[in-house]
Amino acid sequence: MRYHPKPDWHIRASGATPERLYLDRRQIVAGMGLSALASPLLASTDVTKLAPLKARRTIATSEEPTPIDAVTGYNNFYEFGLDKDDPAANAGTLKPRPWTVRVGGLVQKPVTLDVDTWISKLSLEERVYRMRCVEGWSMVIPWIGFPLAGLLKSVEPLSNAKYVRFTTLADPDQMPGTRFPALDWPYREGLRIDEAMNPLTLLAVGLYGRRLPNQNGAPLRLVVPWKYGFKSIKSIVAIDFVERQPLTSWNQSQPSEYGFYSNVNPDVDHPRWSQATERRIGEFRKRPTLPFNGYGEQVAGLYRGMDLKKFY
Ligand SMILES: Nc1nc2c(c(=O)[nH]1)N[C@H]1C(S)=C(S)[C@@H](COP(=O)(O)O)O[C@H]1N2
Ligand SMILES: [Mo]
């Protein structure tokens, strides 16, 4: 099955991209002086310490992945602090294994999964996705994971279920940021069922051919590439089918700034940031932001007939 009918997508025959390619690229970028630009922000992470993960195949784009130092060093993960370099510096206290995820709520067959046992049986894919933060920066990240839809169908949702709610761990011993009321913990997110079951929606367990670094949401995080980054919730412990649109942490803290849908939309500005353009990390010039982050062909149909200025 082909998930991406877009012409700029192609499937490499040989499985996951070898890490060497990324490491070489990282040296090239360093040689160009770009890492000097970013270096005050980046705490380096030794990714070779992370277990390798094999993907059955790769779904790539024509765009270059963002250098790995930026992907693992320039993060938002408020459970570990509010600055971009805090997660890389502080997320060492997170213990991503053993780890269980409970999938339940309005379902016929709730299940509690041990993440390591479960993913050892799954056939993983590498997918290179464009990601865009509401603050105006973007990256291209080679995720490793699997479509969420299969898991959601397996628990047999009841007919009154309309939304899916996701919950992050909130353990003050592992996550020092949860001792402060920056957000209402635990971090929560939500999707409509059809959004959650769209073939683009991934549960990611790795990036760049390795297990997820803690700062990127180990051991399991959501990736929804047509929505602003904050919808892609990290270090998930619960996935629940619910009847009513769930409260999300950002929507609850600033409803005028962060709507439930949060689709990438150049025509609807955030009160503090224009959404018309973005800066790809590693580039100087801004580029225009595309509706649905460039994934409109696959997802615009989910919102047909909706006023996206009202449902922002
Ligand atoms: N639990 C949790 N998930 C989270 C966040 C967070 O603070 N806590 N930040 C979000 C935001 S604002 C962004 S932009 C992305 C960043 O993902 P990355 O650091 O892997 O690039 O994670 C999202 N998921
Ligand atoms: Mo973000």
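All of these numbers come straight from a predicted model, not from anything done at the bench. (Residues numbered from 1 in each chain as written. Chains lettered and ligands numbered in written order. Predicted model: local features only at pLDDT ≥ 70, side-chain atom pairs only at ≥ 80, totals over all residues. Heavy atoms only, no water.)

What to know about the environment of Asn214
The line we're drawing: Think of it this way: any DSSP run of H or I at least four residues long counts as a helix, any run of E at least two long counts as a strand, and we number them from the N terminus. Any two residues whose heavy atoms approach within 4.5 Å are treated as being in contact. Here a polar contact is recorded for every N or O atom pair within 3.5 Å, except that within protein the pair must consist of a potential hydrogen donor and a potential acceptor, and residues adjacent in sequence are included only if both atoms are side-chain atoms.
Relative to the helices and strands, Asn214 resides in the loop between β10 (210–211) and β11 (221–223). Separated by 118 residues in the primary sequence, Asn214 and Pro96 have C-alpha atoms spaced 7.3 Å apart. Look past the residues within four positions of Asn214 in its chain and what remains in contact with it is Phe77, Ala91, Gly92, Leu94 and Pro96. Side-chain polar atoms of Asn214 contact the backbone oxygen of Leu94, separated by 3.2 Å.

Thoughts on the confidence of the model for the protein chain
Our working definition: Think of pLDDT as the predictor's per-residue confidence, scored from 0 to 100.
Of the residues in the protein chain, 86% have a pLDDT of 70 or more, and the chain-wide mean is 89. For the stretch residues 1–40, pLDDT sits under 50, and the model shows 72 contacts to residues farther than four places along the chain or on other chains.

A closer look at unusual backbone geometry
The cut-off we apply is this: Burial status follows relative accessibility: with a 1.4 Å probe on protein chains alone, a residue under 20% of its type maximum counts as buried, one over 50% as exposed, and anything between as partly exposed.
A cis amide bond, omega -5 degrees, links Arg97 with the succeeding residue Pro98. Relative to the elements of secondary structure, Pro98 occurs in the loop between α4 (86–90) and β3 (100–105). Going from Trp185 to Pro186, the amide bond is cis rather than trans, its omega being -5 degrees. Within the secondary structure, Pro186 is located in the loop between β7 (163–168) and β8 (188–192). Positive phi, close to 50 degrees, is recorded for Tyr208, a residue that is not glycine. Residue placement: Tyr208 occurs in the loop between β9 (202–207) and β10. Assessed through its relative accessible area of 2%, Tyr208 is described here as buried.

A closer look at the sheet that holds β3
Using the following cut-off: Should DSSP find at least two bridges between two strands, the strands are taken to pair. Note on geometry: axes are lines fitted to C-alpha atoms, helical ones only across the stretch in contact, with angles between N-to-C directions running from 0 to 180 degrees.
Strands sit in the order β4-β3-β12-β7-β8 across an open sheet of five strands; the sheet is mixed. Each edge of the sheet is formed by a strand with only one pairing partner; in this case those strands are β4 (111–114) and β8. Averaged over all adjacent pairs, the angle separating strand axes in this sheet is 15 degrees, with direction ignored. One ladder, built from four bridges, connects β3 with strand β12 (residues 236–242); its direction is parallel. What sits directly across from Val103, in β12, is Ile239.

Quick look at the site of ligand 1
Formally: Being near a molecule or strand, for a residue, comes down to having at least one heavy atom within 4 Å of it. Polarity classes work like this: nonpolar for Ala, Val, Leu, Ile, Met, Phe, Trp, Tyr, Cys and Pro, charged for Asp, Glu, Lys and Arg, and polar for all others, with Gly in that last group.
Looking at ligand 1, there are 15 residues lining it, with Asn75, Tyr78, Glu79, Ser232 and Lys234 nearest. One of the backbone nitrogen or oxygen atoms of Tyr78 is found 2.7 Å away from an oxygen atom of ligand 1. In this structure, an oxygen atom belonging to ligand 1 sits 2.9 Å away from a side-chain N or O atom of Arg221. Of the residues contributing to the shell around ligand 1, the split by class is six nonpolar, six polar and three charged.

Re the packing of aromatic side chains
Inclusion rule: Two rings from Phe, Tyr or Trp (for Trp, the six-membered ring) form a pair when their centres sit within 6.5 Å of each other. Planes less than 30 degrees apart are called stacked, planes more than 60 degrees apart edge-to-face, and all others tilted. Two limits define a charge over a ring: the Lys NZ or Arg CZ must be within 6 Å of the ring centre, and within 35 degrees of the ring normal.
For the structure shown, the criterion picks out 13 aromatic pairs. Measuring from ring centre to ring centre gives 5.0 Å for Tyr74 and Trp137, while their planes differ by 80 degrees; the resulting arrangement is edge-to-face. Linking Tyr74 in the loop between α3 (68–73) and α4 with Trp137 in strand β6 (residues 137–147), this pair joins segments that are 63 residues apart in sequence. Its relative accessible area of 13% is what places Tyr74 among the buried residues. Accessibility expressed as a relative area gives 14% for Trp137, which makes it buried. In this structure an aromatic cluster arises from ring pairing among Tyr163, Phe260, Tyr261, Phe292, Tyr303 and Phe311. Its guanidinium or amino end placed over the ring of Tyr295, Arg130 lies 4.7 Å from that ring's centre, counting from NZ or CZ.

Concerning the side chain of Asn75
On the secondary structure map, Asn75 appears in the loop between α3 and α4. Note on Asn75: relative accessible area 4%, which makes it buried. Within the structure, the side chain of Asn75 is placed 3.0 Å from the backbone oxygen of Val71, a separation counted as a polar contact. Residues contacting Asn75, with those up to four places away along its chain left out, are Asp83, Lys84, Pro87, Gln215, Asn216 and Lys234.

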